[in-house]
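If you want the building blocks of each chain, they are given just below.
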There are 2 protein chains.
Amino acid sequence: MQKLNEIFFYQLEKTIKLYRRYVQARFKDQGFGITVDQWLVLKALSENTKLTQSDLAELVFKDKASMTRLIELLVLKKLVQRAAHETSRRRFKLTITEKGHELIAQITPLVKDNRKHGLHGISLAELQTTEQTLKKIINNCNN
Amino acid sequence: MQKLNEIFFYQLEKTIKLYRRYVQARFKDQGFGITVDQWLVLKALSENTKLTQSDLAELVFKDKASMTRLIELLVLKKLVQRAAHETSRRRFKLTITEKGHELIAQITPLVKDNRKHGLHGISLAELQTTEQTLKKIINNCNN
DNA sequence: AAATAATAGTTGATATATCAACTGTTGATA
DNA sequence: TATCAACAGTTGATATATCAACTATTATTT
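Model, not experiment: these values are computed from the prediction.

What counts and how
- Residues numbered from 1 in each chain as written.
- Chains lettered and ligands numbered in written order.
- Predicted model: local features only at pLDDT ≥ 70, side-chain atom pairs only at ≥ 80, totals over all residues.
- Heavy atoms only, no water.
- Near = heavy atom within 4 Å.
- Polar contact = N/O pair within 3.5 Å; in protein donor to acceptor, adjacent residues only side chain to side chain.
- Nonpolar A, V, L, I, M, F, W, Y, C, P; charged D, E, K, R; others polar.
- Phe/Tyr/Trp six-rings, centres within 6.5 Å; stacked < 30°, edge-to-face > 60°.
- Buried < 20%, exposed > 50% of the residue type's maximum accessible area, 1.4 Å probe, protein only.
- Helix = DSSP H or I, 4+ residues; strand = E, 2+ residues; numbered from the N terminus.
- Lys NZ or Arg CZ within 6 Å of the ring centre and 35° of its normal.
- Core = buried A, V, L, I, M, F, W, Y, C linked by side-chain atoms within 4.5 Å.
- Contact = heavy atoms within 4.5 Å.
- Least-squares fit on C-alpha atoms with pLDDT ≥ 70 in both.

For the rest of this paragraph, the subject is the protein's contact with DNA strand C. Contacts to DNA strand C come from 22 residues, most closely from A:R69, A:R89, B:K64, B:T68 and B:R90. Those atoms of DNA strand C that come within 4 Å of the protein belong to sugar or phosphate at a rate of 55%. One nitrogen or oxygen atom from the side chain of B:R82 is found 2.8 Å from a phosphate oxygen belonging to DNA strand C. Backbone polar atom of B:F92 to a phosphate oxygen of DNA strand C: 3.3 Å apart, as the coordinates give it. Within the surface near DNA strand C, the residues separate by chemical class into four nonpolar, seven polar and eleven charged.

See below:
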């Protein structure tokens, strides 16, 4: 069998973990007291206010229980508010607070810069091929 | 800013998480009572007996404390043995037990099949480009 | 050789993730 | 409309990850 280091999926894992570590370190450096996952949820919510906790869980690849707790944290940090849902008493209406919007505004340049830094020196063609490969793998794993 | 779904690193994360989930499910289905991380450690050890716990931690992107506990589990499962190191009293000599070797032999076909399944329909050229992209990202994150 | 720094690994505290069982609510259907 | 299934979210138990502080040992410096 191939050595770990030569295995494609090992490299894939290595890449995303290093990138996450890089991003998390920058978040910390610059005094943003949130995790990458919390950021993803915040960003998803800012794109679409109608997302339920279950939707969010799926989006960031966690289960509902984890999402309950993650959102509790965002609420504790006063970045997100939970309110009664207009039509369903099962759901919550999740809204980003003023403080949350401020954080998003402040962190966005950093986030963009992280992506740019991570993708530095990679041509558009390479990137597109890579995206295509990822899509195929995603498909393969779903059946 | 782009939507989450259009962001390259989000796709990257999605890919590896789905693949992991896929592999873990197959491990479970077929009655292999180990996690993907435990498998990676076992495999790394089978490639190189001289690896220390710290080496292993770095290899699978965890810290030393996590590795201590992961190895404890492998020892409990009687897949790995800890013994005194020949030259250093700080280290352990980690060896794979007979049972461990058997597990490796049994799980290897499944592992190979998983990789094949995950990469189905991807050309060699695509794969190589993708690997190159990953390497560049890894480099970018390390400085 | 003595002092100091660096290394390998462990431990306890804490954070987070996952699972299964649960509540309450809504949707479907008979 | 009464029944039952599906759904949204929570909770407690448990597993795992991470951090910081620690011990013991080995390597380096002076």
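Picking up where we left off.
It is worth spelling out the packing of aromatic side chains at this point. Applying the stated criterion across every chain, the model contains eight aromatic pairs over all chains. Both rings, one in A:F8 and one in A:F9, keep their centres 5.3 Å apart while their planes meet at 80°; by these two values the pair is edge-to-face. Classification of A:F8 as buried rests on a relative accessible area of 5%. A centroid spacing of 5.7 Å and a plane angle of 25° characterise the contact between A:Y10 and B:F61, whose relative ring orientation is stacked. Residue A:Y10 is located in helix 1 (residues 8–29), and its partner B:F61 is located in the loop between helix 3 (53–59) and helix 4 (64–76); the two belong to separate chains. Here A:Y10 and B:F61 have matching classes, each one buried. In textbook terms, an aromatic cluster arises when at least three aromatic residues are bridged by ring pairs, as seen for A:F8, A:F9 and B:Y19. Over the ring of A:F92 we find A:R82; its NZ or CZ atom is 4.9 Å from the centre of that ring.

Let's shift gears to the nonpolar core. Membership of the largest hydrophobic core comes to 92 residues, with the highest contact counts inside it found for A:F27, A:L56, A:I107, B:F27, B:L56 and B:I107. Excluding anything up to four places from it in sequence, B:I107 contacts B:F27, B:F32, B:I34 and B:W39.

A few words now on the relation of the copies chain A and chain B. Once turned by 180° and shifted 0.0 Å along the axis, chain A lies on chain B with an RMSD of 0.0 Å. Taken together, the rotation angle and the small translation identify this as a two-fold axis. The rotation axis passes nearest to the C-alpha of A:T130 in chain A, at a distance of 2.4 Å. Mapped onto chain B, 100% of the interface residues of chain A are again interface residues, and the two copies thus contact each other with one and the same surface.

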